Every structure is written in structure tokens, then in C-alpha cells.
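# An overview of the molecular structure
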Amino acid sequence: MSTDTTTDHYDAIVMGAGFGGLRVSIELGRLGLNYRTLEAGSGVGGVWFWNRYPGARTDSESWVYCYQFDKDLLDEYQWTDRFPNQPQVEAYLNHVADRFDLRKNIDFEAEVSSAEYDEDEGLWRITTADGRTYTCKYFIPAGGPLTASWRPSFPGLDDYQGQWLHTSRWPKEGIDVRGKRVAVIGTGATGVQVIPEVARECEHLTVLQRTPNYVIPARNHPLTADEQRAIKMDYDKIWARCREQFFAMPIPPANRMTSDLTPQEQQRILERGWETGGFRFIFETFDDTIAVPEANKIVADFVREKIRAIVHVPETAEKLAPKDHPIAGKRPPLGHYYYEAYNRENVDLVSVKENPIERISEKGIVLADGTEFEVDVIIFATGFDALTGALTKIDLRGRDGLTIKDAWADGAQTHIGVATKGFPNLFMLFGPQTPFANFPPVAEDISSWIGQAIKHLEESPDFDTMEATQEAMDAWNQHVTDLVNATVIAQGTDVHSWMLGANIPGKTHRVLFHFGGVASFYDSCQKVIDDGWSGFEFRQVAPVTAGAV
Ligand code: NA7
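Remember, predicted model here, so these are calculated numbers, not experimental data.

By the criterion of burial, strand E4 (residues 112-118) is predominantly enclosed, with five of the seven residues buried. Relative to strand E5 (residues 123-128), E4 runs antiparallel, the two being bridged by six bridges. Within E5, the residue paired with Val112 across the bridge is Thr128. The hairpin formed by E4 and E5 contains four residues between the paired strands, and Gly122 there has a positive phi angle of roughly 65°. With three bridges joining them, E4 and strand E17 (residues 395-397) adopt parallel strand pairing. Across the sheet, Ala115 pairs through a bridge with Leu396, a residue of E17.

Around the ligand, the structure places 21 residues, and the nearest of them are Thr187, Thr190, Arg210, Thr211 and Lys330. With respect to the ligand, the side chain of Arg210 contributes an N or O atom lying 2.8 Å from an oxygen atom. The backbone of Ala381 places a nitrogen or oxygen atom 3.4 Å from an oxygen atom of the ligand. A total of 780 Å² of accessible area belongs to the ligand in isolation, and the protein chains cover 87% of it. No fewer than three residues from each of domain 1 (7-148 + 386-539) and domain 2 (151-213 + 333-383) sit in the shell around the ligand.

Tallying each qualifying case throughout the model produces 40 salt bridges. A salt bridge links Arg103 to Asp98, with the shortest nitrogen-to-oxygen separation between them at 2.7 Å. Here Arg103 falls in the partly exposed class, since its relative accessible area comes to 29%. With its nearest N and O atoms 2.9 Å apart, the salt bridge here joins Asp395 to Arg397. Judged by its relative accessible area of 28%, Arg397 falls in the partly exposed class. One network of salt bridges, with partners in common, ties together Arg23, Glu27, Arg30 and Glu444.

Another point: helix H10 (residues 293-310). Compared with the 26 Å implied by 1.5 Å per residue over 18 residues, the 26 Å span of H10 between its first and last C-alpha is a close match. Among the residues of H10, those classed as buried are Ala295, Asn296, Val299, Ala300, Phe302, Val303, Arg304, Lys306, Ile307 and Ile310.

So, about the nonpolar core. In this structure, Phe427 and Trp449 are the most contacted members of the largest nonpolar core, which totals 161 residues. Per-element accounting of this core gives the leading share, nine residues, to helix H15 (residues 439-459). Once residues lying within four places of it in the same chain are set aside, the contact partners of Trp449 are Ile416, Val418, Phe427, Met466, Cys525, Val528, Ile529, Trp533 and Phe536. Counting residues in each nonpolar core, the second largest holds 16 residues, with Leu208, Val352, Ile357 and Val375 among its members.

Basis of the calculations
- Residues numbered from 1 in each chain as written.
- Predicted model: local features only at pLDDT ≥ 70, side-chain atom pairs only at ≥ 80, totals over all residues.
- Heavy atoms only, no water.
- Buried < 20%, exposed > 50% of the residue type's maximum accessible area, 1.4 Å probe, protein only.
- Helix = DSSP H or I, 4+ residues; strand = E, 2+ residues; numbered from the N terminus.
- Pairing = 2+ DSSP bridges.
- Near = heavy atom within 4 Å.
- Polar contact = N/O pair within 3.5 Å; in protein donor to acceptor, adjacent residues only side chain to side chain.
- Areas by Shrake-Rupley, 256 points an atom, 1.4 Å probe, with all protein chains shown as cover.
- Domains from an automatic or database assignment.
- Salt bridge = Lys/Arg side-chain N within 4 Å of Asp/Glu carboxyl O.
- Expected span 1.5 Å × (residues − 1).
- Core = buried A, V, L, I, M, F, W, Y, C linked by side-chain atoms within 4.5 Å.
- Contact = heavy atoms within 4.5 Å.

Structure below.
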């Protein structure tokens, strides 16, 4: 393997220094590869570097929102909250970067603007926005599934006299909303977190809601010393459970179906789940909620009743109660006194479903019927161009100049979410059609798979590139489509789910996640290896120069 770090040629380049990018960098280091990690931000963290809006927190429990590959790291790191906030996650990733001496291989403020495959040389040519150039044999985009922020292009924004910002690009120094009239557009997982925080500070908050969500109380709390000790003692079992649980969370199956229970028993279980909070409300209660519409309705009715009980003004409660999609049909946000925020005198909820936002004026937001809300600050909590956006926003070209935009014009397609035809030796960490799940444990498995693929290539004298076949991608696409069709996910009227690309006007709808449970995903990945790297085509294009090995 090459040890030369003075040139711009590397065995591998990783794009992104968030959870995925750092973990795959560790994997490459273990293989002895000469690699470089290019990070657009000035620090590590990825999504946890950029998303600094007030209230930003994980919706996964801290003790599994971390890496498991190093026992000492697990033993020494103390999480203090059930659901860590942005500074806590950023601090953890900084700790990891220092502990494993990763910074020496990271170029910060190096935003990848183009990546082009040079077929003659068998290498990737990477350019950053500030003109730095690199070549590498393996290109590993680890930009994260929710990186490319998305904002509707309302006319008039340029003339707006107030301040506006997107939650995912919140300034490090924060913004001062005291004494100001603020509008938040969007009530997804981000809006749900930012709304109570801003409401506490600002003079008046107008929330513009298009689709209400089923917001489950997070019930965050500081971890006691006893809890911390118990977690560490139990870690092997906790991680084993994460491998089995559908979404890689350490939650055992409920082992009961709604249909086996009386309505009174169902309510008792739901009450307990509501008090426990977090996604445990969904998974520890019943095993049929996300698959059986009748079961789903029981749980959805329960949440609607909770909203009516919490929110004082009945019309506001009705606006907040979702009626057009099943619970878990869209990703349910976790709330930190979210519904309670609407009982504040300074908060108004406006439905923009029937009367949409039409434009931005000099003074604020104008709806289709001409109603104008004059505000000093507009916060766009309008989400992301999920999964594909991190790749399609760069000029990414594979063999024969094929752009990723053209390759995915009819919808993103991949083999096990890691590779796509026409892009040799490009391994995506959290590409389209990887599992929708608690991210860090899955990132570890995919990193390990990528490591094994690269090792296989490095050890073979007969070939130096691998590339997904069309047949394998078609089969994977059919598989992920069948999986989602067996659930309530993305069902409902007009749900704009980013899991299908349906939140972005004009984006081709395609199932963007594997909803078969992480265990089945890991099995599929292992089967590819066991079957002799099935679904991949191997070639020898540049026997001497590429890879510098
Ligand atoms: P989401 O979940 O995509 O939410 C975006 C929100 O913005 C959602 O409420 C949208 O309403 C709303 N939106 C988008 N366009 C408009 C327009 N034109 N008018 C009004 N409202 C609009 O993004 P988040 O950042 O909250 O969460 C993304 C994930 O990040 C999250 O699930 C976590 O995994 C982390 P809609 O529902 O489409 O009607």
C-alpha cells in the first residue's frame, strides 16, 4: 500500500467527516490505505456540524447513537442525556476524531464540487470548490442522507427586508429572536424541535403548517449514574438487540398484537408507551402498528386524543391532529413539549394546506388568499433533498462522462445502496436504498463491507475495479419496493415523504430506503460477498498506475 502523503494522489478519498465519513476513514486506515477525507465544514460532525438550530437533538438514544467498534471508546465515553443535543453529538465526534488521530487525514473547508472518473487511468479526479484537486482509486461519498438542504423557491425572497435562514445552516453564534416576530415554515422533525425553543424567546411566533405530524413525546432526561453503569454492563446485549431490531434500536419486540387485546388493554399499553416516550412508543407497544392498518388506526387515534387533551384551543388541536396519513406513514418526529408550545399566548398556528404560501413580500409571508404575515425573521424548516441530494449537487461523472443526474433521471438505483452502475470503485456510505434506521450502527456495517470490497480489489492481481450491474440494481429496486409496500410507510394522501423523494417538486419518486429491517439488509450485504461478489462486474483498466499500491 502507498504511504506517500505528499502528493495529491490517494488510494481512497472520503467525502464527509460526519458519522459515516469518520467511521469509513477508520476502516481505510486499518487496511493501511493512503486516504484523505474531504470535509466542507471547518470541523468534524457532518449533519451535526451544520444543524445548530435551537432544539437540535437526536431521536435515537445516546448509548446507541455512537460507534461500537472499539470497546474502550464505549467504556470511557459518558453520555449525559437520553437524547443528546447537537453540541453533545458534535463533542462526541470531535472526541472520536482526536482519539483515533483522524484529523491528520482530513482537509477541512474542502467542499467537493466535482468528481470525474478517468477510465484510461482507472482513477477518480476530485476537485473542491476552492480549486484543490486530488486523484484516487476509490471514491467514497459519505455526505450523509440529509445533507443537501431544500427550500421551496417562493418568489419575492430577495426583496424581503427581514432575516431568513434555513435550520440546517444555522450560524454558530446563533440568532437573537428576542423582541422579534418570527415565522417557522415546516413542521417535520426539525420544525418540531425548533418551534418550542424559538417560542420561548421571541415576541411572537407564527407556525405555517402544511401537513401535521404525529409527534411523540421524547421524554428526554439526564442519565443517572446507575443508568450509565447499567448501559455499560449491558452493552453486548444492547448491540445484539440493535442488530435484530428493524430500525437498529435496542428495543425488544412487544410480542403482542393489537388484535390479541381488549380495547382497555390496548389503551393501558399505549398510556405506558406514551409515558416512556421516544420510538419506544411505537415499537414497545404492539408489533403490528406499521404493518396492519387496523392496528395503526388504534395507535393513531390514541395520539390524536392526546393532542386534543394537551392543546387548550380545540381548533388548534384539530389543525395539529393528522388525519391524512397513518402513524409512521411519515417519519414521526419526537417532541420536547411540542404540543404544549401551542398553549402559549405568543404562538399562532396557520394551516397552509388549502391556502398555500404564495410568495414572500418585503415584510413577510403572503398566502394564496392574500393574507400577509409581517415578520422580522423567517425560519425555513423545510427539509432536505434526501439521499440523492448530496451526490447530485456535485458534478459527479462516471464512465463515458455519464452524470449521476442522468444516471438517476428516472429515480436513484443502486445495488445494496452502496454502488451504482457506470461509477466504478465508487462506494456510497448511505446511498439511496440503504436502511432507514438508527444511523451509526448501520454506518459501521456498511463501512466494514466497503473495507472488505476494497481489500478484495487490492488483493486481486486480475482486476482493479468493481461496478454494480443493471440486473443487480433492478433486483434491489424491486426488493425495496416490495418491502415498503408491505408496510403503512408513505401511505396516505399527498404525504410528500422525503423517503420517496416526494418532498421535492420534480424529483422522480423512487423508494429511497430499504424498509426490510437492518438484519435482512446485513444478510443481503453478506450474501453478495458469500456469492462471490454477486451483482458486481470486475475489470482491469489500469494495472500499473491506479491505486499506487
Ligand atoms: P421534513 O421532514 O422534510 O419536513 C419539512 C417540512 O417543511 C414539512 O413539514 C413540509 O410540509 C414543510 N414544507 C415543505 N415545503 C413547504 C411549502 N412549500 N409550504 C409549506 N410547508 C412546506 O424535514 P425535516 O428537516 O423536518 O426533517 C428531515 C429529517 O431530518 C428528519 O426526519 C430526521 O430524520 C432528520 P409537508 O409535510 O411536506 O406537507
